[in-house]
Amino acid sequence: MYKVYENKMKKTIEVLQTQFAAVRAGRANPAVLDQIRVDYYGSPTPINQIANISAPDPRTLTIQPWDPQTLKLIEKAILASDLGINPQNDGRIVRLAFPQLTEERRKDLIKQVKKYGEEAKVAVRNVRRDAMDAFKAMKKKSEITEDDMKDVEKELQKLTDNYIKEVDKVTAQKEKELSEI
């Protein structure tokens, strides 16, 4: 009965972890490019589908497109993103040099992580609200009793609380990781 809503809450945690993987944490991580789309023949395409991405050292990412015509498009997409790194294009590959994190940038990243955490909590609460609306509609149609409704409310609240704790845990972990860099 609650499985659908629990799966939605679980998906929220997965999305949060994907967002955290894209937060630039001082090391060159190809995941930071996952959210960036290149306008490739009229359709927004992830960089990893049109190029080979590698990390030759801890502070550098190289992007080697399979079609050399896309170099400028990749460069343009990176500049338009909120990555905060200027790409260097040598005519064959695009290089991204990740600078050492400053204290100010670290604070900005922690703010961004907190924002993602809050958005995830809102998403979990929205799932709870949708579930409550669905169960209230069932009660109105006399498909469930008043006692069932009270049980549903308790169970949904317990489920929501657990996922909110999970969001807090994942967020705190990422904040800790950022403050240690």
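Parameters and conventions
Residues numbered from 1 in each chain as written. Predicted model: local features only at pLDDT ≥ 70, side-chain atom pairs only at ≥ 80, totals over all residues. Heavy atoms only, no water. Helix = DSSP H or I, 4+ residues; strand = E, 2+ residues; numbered from the N terminus. Polar contact = N/O pair within 3.5 Å; in protein donor to acceptor, adjacent residues only side chain to side chain. Buried < 20%, exposed > 50% of the residue type's maximum accessible area, 1.4 Å probe, protein only. Pairing = 2+ DSSP bridges.

Asker: Tell me what's going on with the side chain of R106, and back it up with residues and numbers.
Answerer: Here R106 is to be found in helix 3 (residues 103-140). Among the polar contacts listed, one links the side chain of R106 to the side chain of E103, at a separation of 2.9 Å.

Asker: Kindly report on the pairing of strand 6 (residues 94-97), identifying the contributing residues and their values.
Answerer: Burial along strand 6 is one-sided: V94 and L96 are buried, while R95 and A97, pointing the other way, are not. Relative to strand 6, strand 4 (residues 60-65) runs antiparallel, the two sharing four bridges. By the bridge assignment, T60 is partnered in strand 6 with A97. Relative to strand 6, strand 5 (residues 88-89) is paired through two bridges, and the arrangement is antiparallel.

Asker: Can you break down the sheet that holds strand 5 residue by residue, with the values?
Answerer: Across the sheet, which stays open at both edges, the four strands sit in the order 3-4-6-5 with antiparallel pairing between neighbours. Looking at strand neighbours, the two that pair on one side only are strand 3 (51-57) and strand 5, the edges of this open sheet.

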